[in-house]
Amino acid sequence: MSKTFDISIDALRDATENALPEVSVGARHAVPSARITTPAAGDGRLGGRSFSSDVAVASHGGALAPEGRLPNKSFYIETFGCQMNVHDSEKVAGVLLGRGYRAAENPAQADLLLYNTCSIREKAAQKVFSRLGDHKLSAKNNGKVIGVLGCVAQQEGEEIFERAPWVSLVCGSASYRKLPDLVDQIETGGRRVMGLDLDTDETFETEITRRDNPFRAYLTIIEGCDYSCAYCVVPHTRGPERSRASGAVLSEVRRLADSGYTEIQLLGQTVNSYRDPSSRGMNFAALLRGVAAVPGIRRVRFTTSHPNDFHREIVEAIDEIPALCDHVHLPVQSGSPRVLKAMRRTYTREEYLEKISLLRSARRPISVTTDLIVGFPGETDRDFEETVTLLDEVCYDGVFSFKYSPRPNTPAMTMPDAIPEEEKGRRLAILQDRQRQIQIERNETLVGETFEVLVDGRHASRGQWSGRTTSNRILNFTSSSESILGEYVQVRVTRAGPNSLVGEHVESS
Ligand code: 5AD
Ligand code: SF4
């Protein structure tokens, strides 16, 4: 079933940028916003100033607000952080739509304004407090309800009410199951409502998910994290690891395929640690095969993989099944065995390189990207040098690199030998420079080759379309076709840059 695309180009550019941070050297940027418009249940039609895709209605069908609960109020959600957060916002939007809320065009028009926050690095966490300040007056004078969701909510809890007393709702990322109750309390006049359960074995299930990316459907298969990397807040903010039953995942994929999606991205902090809690007992590789076998699904992606749980079976599945995309994001964090140990990453440099060898032994080339942290406490020049040599050894297709940011409640917070900010900046620049060279060289080898891309944007001013290859490379290209948005087309690469390719549509005569 094909989807109808009726969408402004600016909104579309937002859509692709929001959903797909460019695979490039540099920080993974915060997602500026997940805009929501009124739903068009199931038909995938996009419209309005902003965009929306279809409403994927889960097991209970498309019922909207329960009788007598149509508050006729509007909401707006601004999302920061990773794709998991973006997708959580899609589900939160679904919860609100299901209760009769309307989507507002902008924050000023919303009765309920929600910030879905990220606390992985200090800068991201600070951003939300500056945003909250912008709405102090309208909360006080116009009765706008302001809520903080996600990782900052989970981490700061009640403190948020202290720092921003005009906030009424705080709901942590491990407590979304409580959201309907919290909204109930707000509707009946609650002033300060809070959900902060961390000790949970439940996942966030919604009857309606409001998907904002018309080309790629996100789907969380595992929440939380049972690792305890010394620098990371996630185990504190998202709670223990819990997987969704494979039956629920596969029926959602079937519904997505029925509504016109051809590309699915499975999400989890450690997506490949997936363990089916149902009697089917599927492991991650089996689930990948199951998702790829759903009729209509042409591309399956997954992120983020943990090296420890990355096994040969996954590579074998990719090798055998064309719908499994040629791309694996495998964060290494450091090239120094000593720093890896201090980070509690549970693998050595050698063990990581064995996983890379598995990937390189596949019959088709698999693009590999990673995350790296520089300036972890105690990182010496020699340790850093080992990270740079790792870049040369692996030849990544893309790297997200970060300066270490001390986070509350993490073991690294109190570790000695902090690296000065200036030095972290110097190391980051060296790393990014080296990786840029590697990407230029790698991408240049692709000139002259033809790739299939899923067209997901148009740059009218440049007269170009853009799309992604199965290896997740951005390909900007010219075409004489009028309307190829959402289609799979063949594109010949004519030029290469470090972060994207340029080409021309190979049009069938
Ligand atoms: N400081 C810097 N980067 C961090 N990351 C996680 N925690 C921190 C931190 N405290 C990075 C890791 C992770 C990515 C999502 O964010 O590289 O893989
Ligand atoms: Fe954080 Fe480590 Fe878990 Fe990734 S595996 S979410 S870095 S604790």
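The shown structure was predicted, so the numbers you read here are calculated from the model rather than taken from an experiment.

Rules behind the numbers
Residues numbered from 1 in each chain as written. Chains lettered and ligands numbered in written order. Predicted model: local features only at pLDDT ≥ 70, side-chain atom pairs only at ≥ 80, totals over all residues. Heavy atoms only, no water. Helix = DSSP H or I, 4+ residues; strand = E, 2+ residues; numbered from the N terminus. Buried < 20%, exposed > 50% of the residue type's maximum accessible area, 1.4 Å probe, protein only. Areas by Shrake-Rupley, 256 points an atom, 1.4 Å probe, with all protein chains shown as cover. Contact = heavy atoms within 4.5 Å. Near = heavy atom within 4 Å. Nonpolar A, V, L, I, M, F, W, Y, C, P; charged D, E, K, R; others polar. Core = buried A, V, L, I, M, F, W, Y, C linked by side-chain atoms within 4.5 Å. Expected span 1.5 Å × (residues − 1). Arc of directions from axis to C-beta. Phe/Tyr/Trp six-rings, centres within 6.5 Å; stacked < 30°, edge-to-face > 60°. Lys NZ or Arg CZ within 6 Å of the ring centre and 35° of its normal.

Trainee: Just checking my understanding: could you explain the overall build of the chain for this structure?
Mentor: Check the secondary structure of the chain and you find 15 helices and 21 strands. Burial analysis of the chain (509 residues in total) assigns 59% to the buried set. Summed over its atoms, the accessible surface of the chain is roughly 20500 Å², and 48% of this surface lies on carbon and sulfur atoms.

Trainee: What exactly am I supposed to notice about the environment of I484 here?
Mentor: Among the structural elements, I484 can be located in the loop between strand 19 (474–478) and strand 20 (488–496). Sequence-wise, I484 and W465 are 19 residues apart; in three dimensions their C-alpha atoms are separated by 8.6 Å. Not counting residues up to four positions away in its chain, the partners in contact with I484 are V455, W465, F477, S479, V489 and H505.

Trainee: What's the story with the site of ligand 2 in this structure? I'm lost.
Mentor: Taken together, the neighbourhood of ligand 2 is formed by C225, Y227, C229, Y231, C232, V234, P235, Q269, T270, H306 and R345. Classifying every residue of the shell around ligand 2 by side-chain character gives seven nonpolar, three polar and one charged.

Trainee: How should the nonpolar core be read in this particular structure?
Mentor: Nonpolar side chains in soluble globular proteins tend to be buried together. Among the nonpolar cores identified, the biggest contains 58 residues, and I221, I264, L266, F284, V291, F302 and Y396 are the most heavily contacted of them. For this core, the leading source of residues is helix 10 (residues 284–292), giving six residues. When residues no more than four places from it in sequence are discounted, the contact partners of I221 are R242, S243, R244, V249, L266, L267, V271, Y274, F284 and L287. Ranked by size, the runner-up nonpolar core spans 23 residues in total, among them L113, I146, V167 and V170.

Trainee: Would you mind going over helix 9 (residues 246–258) with me for this structure?
Mentor: Since there are 3.6 residues in each turn of an α-helix, residues three or four apart along the chain are aligned in direction. In this model, helix 9 (13 residues) spans 18 Å end to end at C-alpha, consistent with the 18 Å of a helix rising 1.5 Å per residue. Looking only at helix 9, the buried set comprises S246, V249, L250, E252, V253, L256 and A257. Down the axis of helix 9, the buried side of the element spans an arc of 160°, and every buried residue falls inside it. G260, located one to two residues past helix 9, shows a positive phi value of around 110°.

Trainee: Help me out: how do you make sense of the packing of aromatic side chains in this one?
Mentor: When we look at a pair of aromatic rings, we describe it by the centre distance and by the angle of the planes. For the structure shown, the criterion picks out five aromatic pairs. With a centroid separation of 5.9 Å and an interplanar angle of 35°, the aromatic rings of Y347 and Y352 are classed as tilted. Assessed through its relative accessible area of 1%, Y352 is described here as buried. Relative to Y404, the ring of F376 has its centre 5.4 Å away and its plane inclined at 70°; by these criteria the two rings are edge-to-face. Taken together, the residues span a long stretch of sequence, with F376 in the loop between strand 15 (367–374) and helix 14 (381–394) and Y404 in the loop between strand 16 (398–403) and helix 15 (421–444) at a distance of 28 residues. The two residues F376 and Y404 agree in class, both being buried. Among the aromatic residues, those joined into a cluster by ring pairs are Y231, F376 and Y404. R163 extends its terminal NZ or CZ atom over the ring of F129, reaching a point 3.7 Å from the ring centre. The ring of Y488 carries the charged tip of R298 above its face, separated from the ring centre by 3.8 Å.

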